[in-house]
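# Summary of the model geometry
Listed below, chain by chain, are the residues.
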Amino acid sequence: EPEVTQTPSHQVTQMGQEVILRCVPISNHLYFYWYRQILGQKVEFLVSFYNNEISEKSEIFDDQFSVERPDGSNFTLKIRSTKLEDSAMYFCASGQYNEQFFGPGTRLTVL
Amino acid sequence: EDQVTQSPEALRLQEGESSSLNCSYTVSGLRGLFWYRQDPGKGPEFLFTLYSAGEEKEKERLKATLTKKESFLHITAPKPEDSATYLCAVQWGGGSNYKLTFGKGTLLTVNP
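Here is a short report on the structure shown in this document. All values reported here derive from a predicted model rather than from experimental measurement.

The rules behind the values
Residues numbered from 1 in each chain as written. Chains lettered and ligands numbered in written order. Predicted model: local features only at pLDDT ≥ 70, side-chain atom pairs only at ≥ 80, totals over all residues. Heavy atoms only, no water. Phe/Tyr/Trp six-rings, centres within 6.5 Å; stacked < 30°, edge-to-face > 60°. Helix = DSSP H or I, 4+ residues; strand = E, 2+ residues; numbered from the N terminus. Buried < 20%, exposed > 50% of the residue type's maximum accessible area, 1.4 Å probe, protein only. Core = buried A, V, L, I, M, F, W, Y, C linked by side-chain atoms within 4.5 Å. Contact = heavy atoms within 4.5 Å. 1 Å grid on protein atoms, 1.4 Å probe; cavity = no way out; pocket = protein on both sides within 12 Å on 5 of 7 lines; lining within 4 Å. Points joined across faces, edges and corners; volume = space filled by probe spheres on them. Nonpolar A, V, L, I, M, F, W, Y, C, P; charged D, E, K, R; others polar.

## What to know about the packing of aromatic side chains
Residues and elements named next belong to chain A. Applying the stated rule across the entire model yields 18 aromatic pairs over all chains. Pairing Trp34 with Phe75 gives two aromatic rings, centres 5.9 Å apart and planes at 25°, and the pair type is stacked. Of this pair, Trp34 sits in strand 4 (residues 31–37) while Phe75 is found in strand 8 (residues 75–79), placing the two residues 41 residues apart along the sequence. Grouping residues by exposure puts Trp34 and Phe75 together as buried.

This is how it looks when you write it as structure tokens:
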């Protein structure tokens, strides 16, 4: 059964550094998403991406964040200058229409 | 005010003891209500989508139902492997707005 994959599974970085989180969505899906979950809190929407552009973004998704679909298979989330409060699990999700299937997540730790 | 509220926050059951989890929502223009299962340190695993009041869906020991303002996830004769956090999420609004708004989840523990 096809599934969403994410790399790396765990990323440790220093405050102020740039990180890129990578996702491979399910191949015939058209909609792509990033969510995050701070430890002990609920899953929060960051951004949705359709037809090679951002379709919606949350207040969390400020100028420090960007997304890209550099080729036909990858979907990336870049954080330009990480802050301590960016430490969280980051989940990629994809869907053909309104249903969303999540990847296993990348645990980002900012020191 | 939370748009999606799940109760209880935690539920401990004995194996075979059936129960229900609740998800209530205050959004208008519901497009879909989603149930996911999440194991510790893992991503949410899709279980069900419900679209309209009165709809029911079943998968093994789980049955999800939807009314106009809430959904129930019924667990019949649970097993220890059903232990997980169960997340409810809603999709609402118009246009190309497909984002999910999640509740805080119910942590289910099933003891053998």
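## With respect to the nonpolar core
In this structure, Leu33, Trp35, Leu73 and Tyr86 of chain B are the most contacted members of the largest nonpolar core, which totals 23 residues. With 4 residues, strand 9 (residues 84–92) of chain B is the single largest residue contributor to this core. Discounting residues that sit within four places of it in the chain, Leu73 of chain B has contacts with Ser19, Ser20, Leu21, Trp35, Phe48, Leu62, Lys63, Ala64 and Tyr86 of chain B. Counting residues in hydrophobic clusters, the runner-up holds 21 residues, among them Ile26, Phe61, Ala88 and Val110 of chain A.

## Quick look at the layout of surface pockets
Its boundaries defined by the atoms lining it, the largest pocket holds a volume of some 600 Å³. In this structure, the largest pocket is lined by 28 residues; those nearest its centre are Gln37, Gly40 and Gln41 of chain A together with Thr85 and Lys104 of chain B. Those elements that place two or more of their residues in the lining of the largest pocket are strand 9 (88–95) of chain A together with strand 1 (4–7), strand 9 and strand 11 (106–111) of chain B. Residue classes in the lining of the largest pocket are distributed as 10 nonpolar, 11 polar and 7 charged. By volume, the second largest pocket amounts to about 500 Å³. Lining the second largest pocket are 18 residues, with Glu3, Phe101 and Phe102 of chain A together with Glu45 and Phe46 of chain B positioned closest to its centre. Per-class residue counts for the lining of the second largest pocket are 8 nonpolar, 3 polar and 7 charged.

Taken by themselves, the reported measurements are silent on function.
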